[in-house]
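Listed below are the residues making up each chain.
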Amino acid sequence: MSRRIELTLTYNAPAAAVHSALTNRDFWLHRIEKSADNGVVLDRLDGGDGTVDVAISQTLDKNALPGMVSKAVKGDLVLTRGEAWGPFENGRATGTFTVSTTGLPITAKGSAVLADAGDQSTLTLEGEVEVAIKLIGGAIEGMVADQVIGPLLQRDQTATEEWVAANA
C-alpha cells in the first residue's frame, strides 16, 4: 500500500529563474559541493537545452530517525533522489521525481509542476510514497512524507532561492 503525497512550495523568484537554476550544471555542482560534508554525492547529471536529469545520494544517520523507523533499518541507509525537468514553456515546466533507499524498502515517485505566480513561482509535487514493511509500513509512510521528504524539499527550495539571488 502507498500514501499519496501532495506539496506546494512557493519560491521568491519567477518560475523562469527557478527553472534556469534547476537545469544549470553549475547549480548542481555547487549544491553537491555545499552538501559534501553531509555525505551528498552526485550520481548522475545529464541535460541540455533547458532540461536536466540528475540523481544524488546521501548516507543518512539512522539514529537520527524516529525509533520505529531506525529499528527497521538493515545496514546502511542511503537515500537516492532523482529529478528530471523538461523545458520551460508558456510560464511553466513539468518534471518528475524519485526517491529510493537502501536499508529500508522505501520508494517515492511523482510529478512536479513549476509555474509562475506573479513575481513568485510555485512548485507543486504530487506522487506516492511506499514503505514495503509488513504491519508498520503504513505508519512509516506518513513519517517519511512528513519528516523526510518535506524537510528535504524545503532545504532544496532554500538552496535554489539562494542560487537564484546570487546569480541574478
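Quick caveat: nothing in here was measured; it's all calculated off a predicted structure. (Residues numbered from 1 in each chain as written. Predicted model: local features only at pLDDT ≥ 70, side-chain atom pairs only at ≥ 80, totals over all residues. Heavy atoms only, no water.)

Caption draft 1: Inspection of the overall build of the protein at higher detail. Looking only at helices and strands, one finds four helices and seven strands in the protein. Written out in order from the N terminus, the α and β elements of the protein read β-α-α-β-β-α-β-β-β-β-α. Surface exposure of the protein reaches about 9100 Å², of which carbon and sulfur atoms provide 50%. (Helix = DSSP H or I, 4+ residues; strand = E, 2+ residues; numbered from the N terminus. Areas by Shrake-Rupley, 256 points an atom, 1.4 Å probe, with all protein chains shown as cover.)

Caption draft 2: Just the confidence of the model for the protein, in detail. Looking at the protein as a whole, its pLDDT mean stands at 87, while 88% of the residues score no less than 70. Here helix 3 (residues 67–70) stands out as the element of the protein with the lowest mean pLDDT, 70, in contrast to helix 1 (residues 15–22), whose mean of 96 is the highest. (pLDDT = per-residue confidence, 0-100.)

Caption draft 3: Focus on the pairing of strand 2 (residues 40–48). Note: strand 2 against strand 3 (residues 51–60), eight bridges, orientation antiparallel. Bridged to V41 within strand 3 is S57. Here strand 2 hands over to strand 3 after two residues, with D49 in that stretch at a positive phi of 50 degrees. (Pairing = 2+ DSSP bridges.)

Caption draft 4: Region of the structure containing helix 2 (residues 25–35). Buried within helix 2 are the following residues: F27, W28, R31 and I32. The arc enclosing the buried residues of helix 2, seen along the axis, measures out at 130 degrees, which places them on a common side. Looking at helix 2, the residues exposed on the side facing more than 90 degrees away from the buried face are R25, E33 and K34. (Buried < 20%, exposed > 50% of the residue type's maximum accessible area, 1.4 Å probe, protein only. Arc of directions from axis to C-beta.)

Caption draft 5: Spatial organisation of the side chain of R81. Within the secondary structure, R81 sits in strand 4 (residues 77–85). With near-sequence residues (within four places) excluded, R81 lies in contact with R31, V54, A55, I56, T98, V99, L152 and D156. (Contact = heavy atoms within 4.5 Å.)

Caption draft 6: Geometry of the sheet that holds strand 2. Pairing in this open sheet of seven strands is antiparallel, and the strands run 1-7-6-5-4-3-2 from one edge to the other. The two strands at the open ends of the sheet, each matched to only one other strand, are strand 1 (3–11) and strand 2. Across the sheet, the axes of successive neighbouring strands diverge by a mean angle of 15 degrees, strand direction being ignored. Alignment of strand 5 (residues 92–102) against strand 6 (residues 106–117), held across nine bridges, turns out to be antiparallel. Paired with R92 across the strands is A115, a residue of strand 6. Against the sheet, helix 1 makes contact with strand 1, strand 3, strand 4, strand 5, strand 6 and strand 7 (120–131), and its axis sits at roughly 140 degrees relative to strand 6, the strand it touches most. Lying on the sheet, helix 2 is in contact with strand 2, strand 3 and strand 4; it crosses strand 2 at an angle near 180 degrees. (Axes fitted to C-alpha atoms, helices over the stretch in contact; angles between N-to-C directions.)

Caption draft 7: Molecular detail of helix 1. Looking only at helix 1, the buried set comprises A15, V18, H19, A21 and L22. Burial along helix 1 is one-sided: seen end-on, the buried residues are contained in an arc of 160 degrees.

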